[in-house]
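Chain by chain, the residues run as shown.
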Amino acid sequence: MKPALDIDALRALVLVADYRSFTRAAEALEATQAAISLRLKRLETRLGRRLLERTPRLVQLTPDGAALLAEARHVLAAHDAALAALEAKPQRPLLLGVSDQAVGAQLPGLLAQLRIRLPGLRLEVRIGLSRDLSEAFDAGRIDAAILHHVGKKTSRGAELLLQDRLGWFAAPGFEWRAGEPLPLIALAPPCIVRASAIKALDTAKIRWSESFTGGGVGALTAAVAAGLGVAVLGRRARLPGMLELTKKQRLPELPETAIVLQSRVSDPVLSRALREIASAIRADQS
């Protein structure tokens, strides 16, 4: 008889592979690292195959692990869909506010994986400024918010996901000629990141001109790629290939930032979705 596959072990395998971390997988599953490791060791023993290579700094799939991973996703999707079909009432949506400065280009992939892992989840996402999302959370219009705070002060009761720092970003080959004002790419007021950039430039007595005003981080990164100037972004919001300017370009240091989660969710399915989102954000700190 062929060995049966344990659902919890398959879920652990998928999360460890996605997050490249036992720590983040354990957070998402509300388990200990030791428990996750034990599940995977038992799965390897049951299959008689090594699925993961573990070193102090790296977790990666073996060829057998990679072969199992794709099928494990299908098994978990079918399992979770079957359970969702037995629910007595439809799952209510998770109303989630997200600052794109907090998550950036990672958001589409994160949400796609969440839909695969939680097929019964109804997710409604609002993208906006952290200040507006925080007000919406306080007013009860959204269930949870992932916010980008400039400075060390964070919202009361918020869970710190990770620390970040603002940076000056431009396209490769960008040149800021001596004597010319810095061409600034920024969101419209009252964006706190914009305000921080302008304050830093004014304090350093650096002349600047607004070369592009965008309605979202996606618009800013497009303007950077087009060579229109320099944008202030959280390091997580930058795109591959962007050049981070340094003190050699005479630009002032920018403040630290924090990415936090505010939530009033108690429903188990919605709580699990938020745990997975939080773990994915923490896992992507490179």
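What you are looking at is a predicted structure, and each value in this text was computed from that prediction instead of being measured. (Residues numbered from 1 in each chain as written. Predicted model: local features only at pLDDT ≥ 70, side-chain atom pairs only at ≥ 80, totals over all residues. Heavy atoms only, no water.)

Next up on the list: the overall build of the protein chain. Secondary structure summary: the protein chain contains ten helices and eleven strands in total. Here the protein chain holds 286 residues, and the buried ones make up 46% of them. Taking the contacts inside the protein chain whose residues are at least 6 apart along the sequence as the reference set, 77% of them involve residues at least 24 apart. Surface accessibility of the protein chain: about 14,900 Å² in total, with carbon and sulfur atoms responsible for 54%. (Helix = DSSP H or I, 4+ residues; strand = E, 2+ residues; numbered from the N terminus. Buried < 20%, exposed > 50% of the residue type's maximum accessible area, 1.4 Å probe, protein only. Contact = heavy atoms within 4.5 Å. Areas by Shrake-Rupley, 256 points an atom, 1.4 Å probe, with all protein chains shown as cover.)

Bringing the pairing of strand 8 (residues 208–214) into the picture now. As defined by bridge partners, strand 7 (residues 182–187) adjoins strand 8 across six bridges and the pair is classed as parallel. Looking at strand 8, one finds that Leu182 is bridged to Trp208. One crossover worth recording links strand 7 to the parallel strand 8 by way of helix 8 (residues 192–203), and it is right-handed. (Pairing = 2+ DSSP bridges. Right-handed = clockwise from strand over helix to strand, strands pointing away.)

Let us look at unusual backbone geometry. Going from Pro189 to Pro190, the amide bond is cis rather than trans, its omega being 10°. By the element assignment, Pro190 lies in the loop between strand 7 and helix 8. Not every positive phi belongs to a glycine, and Lys205 is a case in point at roughly 60°. Within the secondary structure, Lys205 sits in the loop between helix 8 and strand 8. According to the relative accessible area criterion, Lys205 is exposed, its value standing at 75%.

Further remarks concern the pattern of salt bridges. Evaluated as defined, the whole model comprises ten salt bridges. Asp18 is the salt-bridge partner of Arg73, the closest N and O atoms lying 2.6 Å from each other. Linking Arg73 in helix 4 (residues 63–85) with Asp18 in helix 1 (residues 7–19), this pair joins segments that are 55 residues apart in sequence. Judged by relative accessible area, Arg73 falls into the buried class, the value being 19%. Shared partners join several salt bridges into a network, and the residues in it are Arg165, Glu253 and Glu256. (Salt bridge = Lys/Arg side-chain N within 4 Å of Asp/Glu carboxyl O.)

Along the chain, the position of Leu166 falls in strand 6 (residues 159–170). Leu166 sits in the buried class, given a relative accessible area of 2%. Separated by 27 residues in sequence, Leu166 and Val193 place their C-alpha atoms 8.1 Å apart. In contact with Leu166, other than residues within four places in its own chain, are His148, Val150, Val193, Ser196, Val232, Leu233, Gly234, Arg235, Leu254, Pro255 and Thr257.

Of all eight residues making up helix 2 (residues 22–29), six are buried, and the element is well covered by its neighbours. Residues of helix 2 that are buried sit in contact with helix 1, helix 3 (33–47), strand 1 (52–55), strand 2 (58–61) and helix 10 (268–283). Where helix 2 begins, one side-chain oxygen reaches toward the backbone nitrogen of Thr23, 3.1 Å away; that side chain belongs to Ser21. (Polar contact = N/O pair within 3.5 Å; in protein donor to acceptor, adjacent residues only side chain to side chain.)

This next bit is on the environment of Ile206. Secondary-structure assignment places Ile206 in the loop between helix 8 and strand 8. Along the chain, Ile206 and Glu180 lie 26 residues apart, while their C-alpha atoms are 9.6 Å from each other. Residues in contact with Ile206, not counting those within four places in the same chain, are Trp176, Leu201, Arg250, Leu251 and Pro252.

Turning our attention to the nonpolar core. Within the largest apolar cluster, 48 residues are counted, with the highest numbers of intra-cluster contacts made by Val16, Ile36, Leu40, Leu94, Leu96, Ile146 and Ile281. Not counting residues within four places of it along the chain, the set of residues in contact with Ile36 comprises Ala12, Val16, Phe22, Ala26, Leu29 and Ala31. Grouped together as the second largest cluster of nonpolar side chains are 30 residues, Leu166, Trp168, Ala200 and Val230 included. (Core = buried A, V, L, I, M, F, W, Y, C linked by side-chain atoms within 4.5 Å.)

This part takes up helix 9 (residues 217–225). Turning to helix 9, its buried residues number three or more, namely Val217, Leu220, Thr221, Ala223 and Val224. Along helix 9, the residues classed as buried sweep out an arc of 155° about the axis, all on the same side. Residues of helix 9 that are exposed and point over 90 degrees away from its buried face: Gly218 and Ala225. Buried-residue contacts for helix 9 involve helix 5 (100–103), strand 6, strand 7, strand 8 and strand 9 (230–234). At the C-terminal side of helix 9, Gly227 shows a positive phi close to 80°. (Arc of directions from axis to C-beta.)

In short, geometric facts, not functional conclusions.
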